[in-house]
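Chain residues, written in single-letter form:
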Amino acid sequence: MRVYIYTALIVLYVISNFTSGMILHFSIGIMATIALILSFFYAKGLYLVSGIIFFMSGILLLIYNNAPWYTFLLHFEQMLGLLSLFLVLPFINSLIRFGRYDKNLNLLLQDQVTSLTKLYRRSYVVCHFLGLFLNIATLPLLTNSLKGALQQLPDKTQNKFYTQNLLRAYALCLTWSPMEVMVSTTIDITRVHYYKIFPILISLAILTICFDWILSAFKYKNTHLSIENQQKINSKKVYKKILQLLCMLLIFTLAASGLQHFLNKGFLFSVVLLIIPFSIIWTLFIGGVKRYFTITIPHWKKRTEGLSNYFFMFLSAGFFVEMLSLSGLLSFLKPVFSLASEKTLLFYLIIGAYFLVTSLIGFHPLISLTFLAELLQPILPIVDPIPLSIVLISCSLSTVMYSPYNLSVSILASQLTMNPFQLGRWNIGFAIFYMLLSICTAHILGYFL
């Protein structure tokens with residue numbers, strides 16, 4: 001039931017981007033309401049609590065705005081772009097498994113590893129590239145892959161290794177991934193082209209990775225590993241697969257940017273439209289379309305049924321954000337950001353502090369970004385979009401490393417049977433360093449753009 005309702009809602013949303021009409025918008029509202037009610041019975045934990053708070057707050061604001069009751073149905077489209085991406089991501093996740101790209105990266109992970117420093121760097125690279133396509137599924141996959149190599153170490157050393165290695169690598173790969181929703185949403189807010197910010201984002205990621213590798217060299221310099229039953233790998237075959245994976249990412253990025261330019265509908269929407277046809281075409285290239293669909297369809301159905309948490313929280317949050325925007329209650333904050341924008345460094349530091357605080361009190365970074373976008377609307381035409389995009393992306397995605405309420409930290413905490421606050425404590429200093437590095441870079445860029 002959920003699969004059909006969620007899919008129908010997203011299909012209507014996609015259609016609404018090419019045509020308009022009140023009947024279509026009301027149909028989206030009705031389907032969104034059904035999806036919201038259905039998701040309520042399956043949502044759990046923080047997602048359920050947050051969703052209820054957002055929805056009830058939205059209802060109160062609807063009453064405060066004296067809006068006709070039927071307009072309730074017209075305010076659920078704010079987050080449908082994000083939910084669309086969640087719906088189609090399993091198609092490219094399955095492609096990575098179908099093409100055995102994940103297996104070859106895992107073989108590379110343990111090849112001739114003799115020290116913990118070397119394993120740290122190797123798993124960093126593997127996590128970085130797997131995270132681009134497998135997204136959150138990368139964390140449990142690599143946690144299991146590393147267990148054999150790390151079991152000889154004390155528990156605390158193992159747990160810190162998993163936390164600092166996987167979460168940092170995963171967060172940094174998201175900062176330049178064209179399929180990451182925070183990246184595409186930021187691009188849609190600032191109206192900057194992806195190719196203009198990509199070199200800066202990838203340079204920041206590389207610089208931060210090098211700094212972390214230097215730290216790890218000091219931290220693990222006296223720790224040696226002895227991995228039993230190592231598989232001998234066919235280096236030529238493994239590197240061929242990795243090169244193929246990089247080519248796939250490059251082609252996808254170029255195609256998404258081209259589609260954005262052609263349709264002028266936003267980068268996130270272009271990515272959503274492209275994922276399924278691109279996955280099918282790439283499968284034709286590597287062979288075995290029938291087997292790909294045999295693997296993908298059950299995986300897609302299972303993942304779609306598991307989206308109840310996201311549909312409940314984000315539909316509720318989207319409704320609340322639209323009601324809050326219409327109410328004008330946040331208008332007193334807009335002059336604060338307008339004033340701060342005149343002092344660029346202070347402006348960027350306020351944005352960084354905003355994401356740090358909201359992530360620690362339980363806000364998903366996308367919801368924080370959506371709120372912030374409303375406050376930034378008056379000053380977007382006068383602020384340089386490239387440095388602002390760098391700050392928004394880096395500060396919002398740094399939360400992936402440390403926020404106890406973030407899905408990445410929660411999943412790893414579950415894998416390690418640990419408190420997510422403990423994992424966050426091991427990474428928050430590094431995350432703040434990355435935020436400050438990005439803010440300083442953006443500030444310096446402002447003098448040259």
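First, a word on what this report is: a plain description of the structure on this page. Since the structure is predicted, the reported quantities are computational estimates derived from the model, not experimental observations.

Another point: the overall build of the protein chain. Along its length, the protein chain carries 21 helices and zero strands. The C-alpha atoms of the protein chain give a radius of gyration of 22 Å, which matches the 22 Å a tight globule of 449 residues would have. Based on the C-alpha atoms only, the size of the protein chain along its principal axes is roughly 70 × 55 × 40 Å. Going through the 449 residues of the protein chain one by one, you find that 56% of them count as buried. For the protein chain, the proportion of contacts with a sequence separation of at least 24, taken over those separated by at least 6, is 82%. Of the roughly 19700 Å² of accessible surface on the protein chain, a fraction of 66% belongs to carbon and sulfur atoms. Separation of charge centres in the protein chain, based on 30 positive and 13 negative side chains, amounts to 11 Å.

Taken residue by residue, helix α20 (residues 407-416) has Ser408, Val409, Leu412, Ala413 and Leu416 as its buried positions. The buried side chains of α20 occupy one side of the element, clustering within an arc of 130° when seen end-on. On its buried side, α20 packs onto α7 (138-150), α8 (155-174), α19 (399-402) and α21 (420-445).

In this section: a positive patch on the surface. Together, Arg97, Arg100, Lys103, Lys237 and Arg291 give the surface a local cluster of positive charge. Here Lys103 lies in helix α5 (residues 101-110).

Before going further, it helps to examine a nonpolar patch on the surface. Side chains of Ile37, Phe40, Phe41, Tyr42, Ile52 and Met56 sit close together on the surface and give an oily, nonpolar patch of about 610 Å² of accessible area. Where the nonpolar patch is concerned, the elements lending two or more residues are α2 (22-40) and α3 (45-64). Here Met56 shows up in helix α3.

The subject of this paragraph is unusual backbone geometry. The bulk of non-glycine residues show a negative phi, and the bulk of peptide bonds are trans. You will see that Arg191, though not glycine, has its phi angle at about 65°, which is positive. With respect to the secondary-structure elements, Arg191 resides in the loop between α9 (181-190) and α10 (194-219). Positioned with a positive phi, Asn264 is a non-glycine residue whose angle comes to about 55°. Relative to the helices and strands, Asn264 is located in the loop between α11 (235-263) and α12 (267-286). Residue class for Asn264 comes out exposed when judged on its relative accessible area of 66%.

Scoring rules and cut-offs
Residues numbered from 1 in each chain as written. Predicted model: local features only at pLDDT ≥ 70, side-chain atom pairs only at ≥ 80, totals over all residues. Heavy atoms only, no water. Helix = DSSP H or I, 4+ residues; strand = E, 2+ residues; numbered from the N terminus. Rg over C-alpha atoms; globule rule 2.2 N^0.38 Å. Buried < 20%, exposed > 50% of the residue type's maximum accessible area, 1.4 Å probe, protein only. Contact = heavy atoms within 4.5 Å. Areas by Shrake-Rupley, 256 points an atom, 1.4 Å probe, with all protein chains shown as cover. Lys, Arg positive; Asp, Glu negative; His and termini not counted. Charge placed at Lys NZ, Arg CZ, Asp CG, Glu CD. Arc of directions from axis to C-beta. Patch = residues over 30% accessible without salt bridge, like charges linked within 9 Å, V, L, I, M, F, W, Y side chains within 5 Å. Salt bridge = Lys/Arg side-chain N within 4 Å of Asp/Glu carboxyl O.

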